[in-house]
Amino acid sequence: MSVEIRRVGYDHPDAQKLVDRVQEFYVERYGEPDTDPTDPEMFEPPAGAYFLAYLDDVPVASGAWRRSGEPALGTEVTAEIKRMYVVPEAQGQGLAKRMLAHVEASARSAGFEGLVLTTGDLQHEAIGLYRAHGYVEVEPFGYYKDDELVVCMAKRLDH
């Protein structure tokens, strides 16, 4: 198994394939797609970064961060994790952990002191992953802050 994580643009065709798949997941899990407005420029340096993991040259996972400024855990120098996803046929191989570590390292090297994220209460796998890697729940923020299913989390990054 050969895994390679590559930085790509949000509008890259492989990125869009995985965005479509994660939207299908949201429809299955929540009954509707994610409607949080996404501007591809949010993921361009220095404001953000978008990554794909390739397994034998097939895109199987994504992860990204974008500048946030959302105060959390004593800092406003934060980035928001976005588009963490592993296709079902590649789950169970540690790709989510690997992508999360890569996203964290990239945000840290870009000077961010903390990461924030929003997920949904029905995404037990994601919540478990984040908790296992030091994320704690914080006050709801962002586009879905008033949604009863929103779960917001944060983590300080060590420099």
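Everything that follows concerns the structure shown earlier in this document.
Treat the numbers as computed from the prediction; the structure is a model and nothing was measured.

So, how was this worked out
The residue numbering used here restarts from 1 in each chain and proceeds along that chain's sequence as written. Confidence filtering applies because this is a predicted model: local features only for residues at pLDDT of at least 70, side-chain atom pairs given and counted only at 80 or more, and all residues used for totals across whole chains, interfaces and linings. The side-chain numbers reported here are obtained from all heavy atoms of the structure, hydrogens and water having been left aside. Only strands that DSSP links by at least two bridges are regarded as paired with each other. Strands are runs of DSSP state E lasting at least two residues, helices are runs of H or I lasting at least four, and both sets are numbered from the N terminus onward. Lines fitted to C-alpha atoms define the axes, with helix axes restricted to the stretch in contact, and inter-axis angles between N-to-C directions lie between 0 and 180 degrees. Residues count as neighbours in contact if any of their non-hydrogen atoms are within 4.5 Å of one another. Between rings of Phe, Tyr and Trp, where Trp is taken as its six-membered ring, a pair exists when centres lie within 6.5 Å; planes separated by under 30 degrees are stacked, by over 60 edge-to-face, and by other angles tilted. Buried means the residue's accessible area, taken with a 1.4 Å probe over protein chains only, is under 20% of the maximum for its type, while exposed means over 50%, and partly exposed covers the values in between.

Student: Tell me about the sheet that holds strand β2 (residues 48-55), and please be specific about residues and values.
Tutor: Strand pairing in a sheet relies on backbone hydrogen bonds, with the paired strands running either antiparallel or parallel. Across the sheet, seven strands lie side by side as β1-β2-β3-β4-β5-β7-β6; this open sheet has mixed pairing. Strands at the two margins of the open sheet, each flanked by one partner only, are β1 (3-7) and β6 (136-138). Strand-to-strand twist in this sheet, taken as the mean axis angle between neighbours without regard to direction, amounts to 30 degrees. The pairing of strand β5 (residues 114-120) with strand β7 (residues 150-156) spans seven bridges and is classified as antiparallel. Counterpart to V116 in the pairing with β7 is A154. Sitting on the sheet, helix α1 (residues 13-30) is in contact with β2, β3 (58-67), β4 (78-86) and β5, with an inclination near 80 degrees to β4.

Student: Hey, could you go over the packing of aromatic side chains for me, with residue numbers and the actual values?
Tutor: Note on aromatic pairs: each is described by the distance of the centres and the angle between the planes. On inspection of all chains with the given rule, the structure shows eight aromatic pairs. With a centroid separation of 5.7 Å and 75 degrees between ring planes, the pair formed by F43 and Y50 is classed as edge-to-face. For the pair formed by F43 and Y50, the shared burial category is buried.

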